[in-house]
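Observations on the model geometry
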Amino acid sequence: MNEILTQEKSIYLQISEMIENDILRDIILEEEKVPSTNELAKLYAINPATAAKGINILVDSNILYKKRGIGMFVAAGAKSIIQKRRREEFCNKYIKKLLTEAESIGITKEELISMIKKEA
C-alpha cells in the first residue's frame, strides 16, 4: 500500500485496486487482515467514507470479508477471483482489439503469434 493516489480515477477505485495489487503480489495474504478504513484515511489523507467505499467494492466482490469487531480480512480464494477478473478485462481491453486490428490489416492469428514469439 505504498502507492500514490492520482487524479486519473476516483480515489475509492484506486484504494480497492491497491489492495487487490497487494493481494496479487502476496503482500497481503489470504485470511490476513487489511488496513482499516481509518488507517487508509490517515495514510492517504482522505475521508474515511471514501476508503470505506473502496473496501466495500472488495467485500461485494467476495475478496474481503468482515470479522465483527476485529476488521476486514482477505477471503480464501481472493487471489484467484482477482486473477480471473483481470484476465477477462485484459482479454477484452487488449487481446480482442489486437485481433480485430490484426484481421483488418490482413494478419492471421498464426502470423500474429509468430510475431509475438519473435519479440519475446
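Scroll up to find the structure this text is about.
These remarks concern the structure in this document. Sequence order as written defines residue numbering, which begins from 1 separately in each chain. With the structure being a predicted model, the display of local features is reserved for residues of pLDDT at least 70 and the display and counting of side-chain atom pairs for 80 or more, all residues being used for whole-chain, interface and lining totals. With hydrogens and water stripped out, all remaining heavy atoms of the structure feed into the side-chain values.

1. Overview of a nonpolar patch on the surface
Together, Phe90, Tyr94, Ile95, Leu98, Leu99 and Ile116 make up an exposed nonpolar region whose accessible area comes to about 520 Å². Strands here are runs of E lasting at least two residues and helices are runs of H or I lasting at least four, both read from the DSSP assignment and numbered beginning at the N terminus. If you trace the backbone, phenylalanine 90 turns up in helix H4 (residues 78–104). Residues qualify for a patch when their relative accessible area is over 30% and they have no salt bridge, like charges being joined within 9 Å and the nonpolar side chains of Val, Leu, Ile, Met, Phe, Trp and Tyr within 5 Å. Areas reported as accessible are Shrake-Rupley estimates using a 1.4 Å probe. Residue values count occlusion only from the protein chains shown. Salt bridges are defined by distance alone: a side-chain nitrogen of Lys or Arg within 4 Å of a carboxyl oxygen of Asp or Glu.

2. A word on unusual backbone geometry
Phi is positive for glutamate 31, close to 70°, though the residue is something other than glycine. Positive phi values are uncommon outside glycine, yet asparagine 62 reaches one of about 65°.

3. Overview of the packing of helix H1 (residues 11–24) against helix H3 (residues 48–60)
Relative placement of two packed helices is described by the angle separating their axes and the distance separating the axes. Note on definitions: angles span 0 to 180 degrees between N-to-C directions of axes, and those axes are lines fitted to C-alpha atoms, for helices only across the stretch in contact. Two numbers describe how H1 lies on H3: the axes approach to 8 Å, and their chain directions differ by 50°. Judged on the interaxial angle alone, H3 and H1 are oblique. Crossing of H1 over H3 shows right-handed handedness. Side by side, H1 and H3 meet where Ile11, Tyr12, Leu13, Ile15, Ser16, Ile19 and Glu20 of the first sit next to Thr50, Ala51, Lys53, Gly54, Ile55, Ile57 and Leu58 of the second. With respect to orientation, any angle under 35 degrees is reported as roughly parallel, any angle over 145 as roughly antiparallel, any angle of 65 to 115 as roughly perpendicular, and every other angle as oblique. Working rule for handedness: look at the near helix, and if it is turned counterclockwise from the far one by less than a right angle, call the crossing left-handed; if clockwise, right-handed. The criterion used for residue contact is that any of the two residues' heavy atoms lie within 4.5 Å.

4. Remarks on the pairing of strand S2 (residues 71–74)
A pair of strands is labelled paired if DSSP reports no fewer than 2 bridges between them. One ladder, built from four bridges, connects strand S1 (residues 64–67) with S2; its direction is antiparallel. Bridge pairing links lysine 66 to methionine 72 in S2. What sits between the antiparallel neighbours S1 and S2 is a turn of three residues, in which glycine 69 has the positive phi angle 80°.

5. Brief notes about H3
Owing to its 3.6 residues per turn, the α-helix aligns residues three or four sequence positions apart on the same side. For a helix, the expected span equals 1.5 Å multiplied by the number of residues minus one. In this model H3 runs 18 Å from its N-terminal to its C-terminal C-alpha over 13 residues, within 8% of the 18 Å that 1.5 Å per residue would give. Each residue is assigned to one of three classes by its accessible area relative to the maximum for its type, calculated with a 1.4 Å probe on protein chains only: buried under 20%, partly exposed between the two thresholds, exposed over 50%. Considered for burial, the residues of H3 that qualify are Ala51, Gly54, Ile55 and Leu58. The buried residues of H3 occupy an angular sector of 95° when projected down its axis, which confines them to one face. Relative to its buried face, H3 has exposed residues pointing more than 90 degrees away, namely Ala49 and Asp60. On its buried side, H3 packs onto H1, helix H2 (37–44), S1 and S2. Measuring from the side-chain oxygen of the N-cap residue of H3 to the backbone nitrogen of alanine 49 gives 2.7 Å; that N-cap residue is asparagine 47. Once H3 ends, the next one or two residues include asparagine 62, with phi positive near 65°. Think of it as the arc spanned by the lines of direction from the helix axis to the C-beta atoms. Think of a polar contact as two N or O atoms within 3.5 Å of one another; within protein, one of them needs to be a possible hydrogen donor and the other a possible acceptor, and neighboring residues in sequence only count if both atoms come from side chains.

6. With respect to the nonpolar core
Considering soluble globular proteins, one finds that nonpolar side chains tend to be buried as a cluster. Residues enter a nonpolar core if they are buried and are Ala, Val, Leu, Ile, Met, Phe, Trp, Tyr or Cys, with the set joined through side-chain atoms within 4.5 Å. Formed by 19 residues in total, the largest nonpolar core has its most connected members in Ile19 and Leu64. Looking at this core, the elements with two or more residues in it are H1, H2, H3, S2 and H4. Ranked by residues supplied to this core, first place goes to H1 with four residues.

7. Description of the pattern of salt bridges
Pairing between side chains of opposite charge can happen when their charged atoms approach one another. In this structure the tally under the stated criterion is five salt bridges. One salt bridge in this structure joins glutamate 17 and lysine 9, with 2.8 Å as the shortest N-O distance. Since its relative accessible area comes to 30%, glutamate 17 is described here as partly exposed. Two residues, lysine 79 and aspartate 26, come together in a salt bridge whose shortest N-O distance is 3.0 Å. Placement of the pair is lysine 79 in helix H4 and aspartate 26 in the loop between H1 and H2, with a sequence separation of 53 residues.

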